[in-house]
Amino acid sequence: MAVISFLLAILLGGTAFLFKQAASQVSVGTTWAGDVCSTSQMFCHHPEYLAYAGFGLMTVAIGTKLSNLSR
């Protein structure tokens, strides 16, 4: 459980970074940024939502690992 939560947290963090970079590049007219932002306007305008979810999963991963160590 800890490993899966950790990997999902890393993926969510990377996705948040991708949407943040795409949002800043849309005004320049970069085609890849337009494609990324067309998939989800909400995440393009608010990439921190993905970062919050990643932080929550990282907390779950750490808590799970600590609880397994205390047994």
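Everything here concerns the structure above.
I will try to describe carefully the structure that is included in this document.

1. A closer look at the state of the cysteines
- Tallying each qualifying case throughout the model produces 1 disulfide.
- In this model Cys37 forms its disulfide with Cys44; the gap between the sulfur atoms is 1.8 Å. One quick way to see it: the torsion about the S-S bond of Cys37 and Cys44 is about 40°, and its sign makes the bridge right-handed. Accessibility assignment for this pair places Cys37 and Cys44 in one class, buried.

2. Points about helix 4 (residues 48–69)
- The end-to-end C-alpha distance of helix 4 is 31 Å, a good match for the 32 Å that 22 residues give at a rise of 1.5 Å each.
- Buried residues of helix 4: Leu50, Gly54, Ala61 and Thr64, and no others. Buried positions in helix 4, seen along its axis, are confined to an arc of 85° and lie on one side of it. Those residues of helix 4 that are exposed and aimed more than 90 degrees away from the buried face are Tyr52, Phe55 and Leu66.
- Buried residues along helix 4 sit in contact with helix 1 (2–26) and helix 3 (41–45).

3. Considerations on the nonpolar core
- Listed in full, the 8 residues of the largest apolar core are Ala16, Phe19, Ala22, Ala33, Val36, Cys37, Cys44 and Leu50.
- For this core, the elements supplying multiple residues, two or more each, are helix 1 and helix 2 (31–39).
- Setting aside residues up to four positions removed in sequence, Cys37 forms contacts with Ala22, Ala23, Val26 and Cys44.

So, how was this worked out
The residue numbers shown here count from 1 along each chain, following its written sequence. With the structure being a predicted model, the display of local features is reserved for residues of pLDDT at least 70 and the display and counting of side-chain atom pairs for 80 or more, all residues being used for whole-chain, interface and lining totals. Each side-chain value is worked out from all heavy atoms of the structure, with water and hydrogens disregarded. Sulfur atoms of two cysteines make up a disulfide when they are within 2.5 Å. For each residue, the accessible area found with a 1.4 Å probe, counting protein chains only, is set against the maximum for its type, and the residue is called buried under 20%, exposed over 50%, and partly exposed in between. Strands here mean DSSP runs of E at least two residues long; helices mean DSSP runs of H or I at least four residues long; both are numbered from the N terminus. By definition here, a helix of n residues has an expected span of 1.5 Å times n minus one. This arc describes the spread of directions from the helix axis toward the C-beta atoms. Working rule for contacts: check all heavy atoms of both residues, and any pair within 4.5 Å makes them a contact. For the purposes of this section, nonpolar cores are sets of buried Ala, Val, Leu, Ile, Met, Phe, Trp, Tyr and Cys residues that join through side-chain atoms within 4.5 Å.

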